[in-house]
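Survey of secondary and tertiary structure
If you want the building blocks of each chain, they are given just below.
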Amino acid sequence: MSAAPSTSVPSLSSPPSFRGRIGHDAGSGYYAVPRRYRLHLSLSCPHCLRIAVTHSLLGLEQILPVVPLPAVPDLADGGHSALRPLYEASAHRHPGPGTAPVLSDTWTGRIVSTHTPDILSDLARFGCDGAARPALHRTGTDAETEAVGHLCEYGINEAAQQAGRAGVDERERSAVLARLLRVLGSLEWRLANGDFVLGDEPSAADVQLWVTLVQLDTVHRLHLDAAAVHRVADHPHLWAYARRLTGHPAFGSHLDLDGIARRHHARCRGQEAAGAAVQILDWTAHIGGGSDAWGEGDGARCEVALAPRAAHAARSDLTGPTARRVAP
C-alpha cells in the first residue's frame, strides 16, 4: 500500500548564521552572567523543544529567561517578526528569515548563537549560582551520545520522512521502513534493560530521543500507511519510555501538540495517509502524570493495539563498532 503524497515546503534550515559561544573565547566577551542572555524559542520546533527541555532539566529558569515565540512564524519568509530586530542588529541587512532558536545578549542587543548543538552545550556553563544540577553529558558517554543522535537524525527522522514521501517506489519505501524499524528495534532492546538510553538518569541522549519520538508520532506518522504505523507502535518499551518522560515536568510541560500540528500543516503541502488516524500515544493524557508516568515503566503500554512481535535482531546499532553508521 502506498503512502499519500507528503510534499513539504522546502526546509528553511541553512548553515547557521551566528556561532558565538558562552565562555569559550575570552575575547568574545560572552561570559556566563546570570540574566544577561535570553533564549527565544518556539516550542513547535523540534530544535527549540530540545533546548527548552534541557533548560528545564538544568533548572535555569531564573538564570537564563526564555522568550516564547508563536508556533507558526508570522512572516511570509518563514521567520518571526519578533526576531527581526535582533537579526538586523547582528548583521546589517541580514538576508534570511528570522528563525528560532536564538540565544541573544541583552547587553549588546545582538544574537550570540542560532546553532542548536552549541546552545545545548553552552547551557551547562550557566551553573554559576552554586545549585546542584544534573550532568546531562556524563564523562565517557560522548561516543554513545553521538551514536544516539545519529540514530535519531538519520535512522528515525530521515527514514520516516522517506517512507512517507510521495513518488517513492515500493521497493525503496520498504527498505527505508525496514531501516526505521531496525533502529526502533535496537532502542527497544536497550530500553527493555533500563529506564534511560544511557545510564540510570536522564541525559542529553534521552532529550533528543524523546523529541524525535514526539516528531515521529505527531508529524511523520501522518504520512505513513496504517500498517506501517502499527509496526512502528509495536515497540512497547520504547513507547512506555516516551510516556514516562512525558510525565516528567521538564519534558511534558513544554509539549505544545496544537502548535506542532499547526506548524506542520503550515509547512506541509501533502495529503495525510491512513496512519494519520492511528495515534501511537495519547500524549496529553501523560503530561504531568506524576509517579504513575514517571519512574514506573512496568505496565506502561502503547495505546495502539499491538500485533504479535517479531524478535529484534538489530542490537548492534547502539552497541557495536558501527554504532554511528545507520544512515546509508
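So, here is what we can say about the structure in this document. Owing to the predicted nature of the structure, the values given are computational and were not obtained by experimental measurement. (Residues numbered from 1 in each chain as written. Predicted model: local features only at pLDDT ≥ 70, side-chain atom pairs only at ≥ 80, totals over all residues. Heavy atoms only, no water.)

With that out of the way, let us pick up the environment of Glu 188. Looking at where Glu 188 falls in the secondary structure, it is placed in helix H5 (residues 170-191). Classification of Glu 188 as buried rests on a relative accessible area of 3%. Separated by 53 residues in sequence, Glu 188 and Tyr 241 have C-alpha atoms that sit 9.4 Å apart. (Helix = DSSP H or I, 4+ residues; strand = E, 2+ residues; numbered from the N terminus. Buried < 20%, exposed > 50% of the residue type's maximum accessible area, 1.4 Å probe, protein only.)

Under the defined criterion, the tally for this structure stands at 1 cavity of 30 Å³ or more. In this structure, the largest cavity encloses a volume near 30 Å³. Around the largest cavity, the lining residues are Leu 136, Arg 138, Thr 141, Thr 145, Leu 198 and Ser 203. (1 Å grid on protein atoms, 1.4 Å probe; cavity = no way out; pocket = protein on both sides within 12 Å on 5 of 7 lines; lining within 4 Å. Points joined across faces, edges and corners; volume = space filled by probe spheres on them.)

This next bit is on the pairing of strand S1 (residues 37-41). Side-chain direction in a regular strand flips from residue to residue, so the side chains alternate between the two faces of the sheet. Judged by how many residues are buried, S1 sits mostly within the fold: 4 of 5 residues are covered. Note: S1 against strand S3 (residues 102-105), 4 bridges, orientation antiparallel. Note on S3: the bridge partner recorded for His 40 is Val 102. Pairing analysis gives 3 bridges linking S1 to strand S2 (residues 66-68), with the strands arranged parallel. Its bridge partner being in S2, Leu 41 is matched across the sheet by Pro 68. What joins S1 to S2 is helix H1 (residues 46-57), and the crossover it makes is right-handed. (Pairing = 2+ DSSP bridges. Right-handed = clockwise from strand over helix to strand, strands pointing away.)

Tallying each qualifying case throughout the model produces 6 aromatic pairs. Measuring from ring centre to ring centre gives 5.8 Å for Phe 18 and Tyr 87, while their planes differ by 70°; the resulting arrangement is edge-to-face. With Phe 18 in the segment before S1 and Tyr 87 in helix H2 (residues 84-90), this residue pair connects regions lying 69 residues apart in the sequence. Here Phe 18 matches Tyr 87 in class, with each residue buried. When the ring of Trp 210 is compared with that of Phe 251, the centres are 5.3 Å apart and the planes differ by 80°; the resulting orientation is edge-to-face. Placement of Trp 210 in helix H6 (residues 204-218) and of Phe 251 in helix H9 (residues 249-252) is noted, with a sequence separation of 41 residues between them. (Phe/Tyr/Trp six-rings, centres within 6.5 Å; stacked < 30°, edge-to-face > 60°.)

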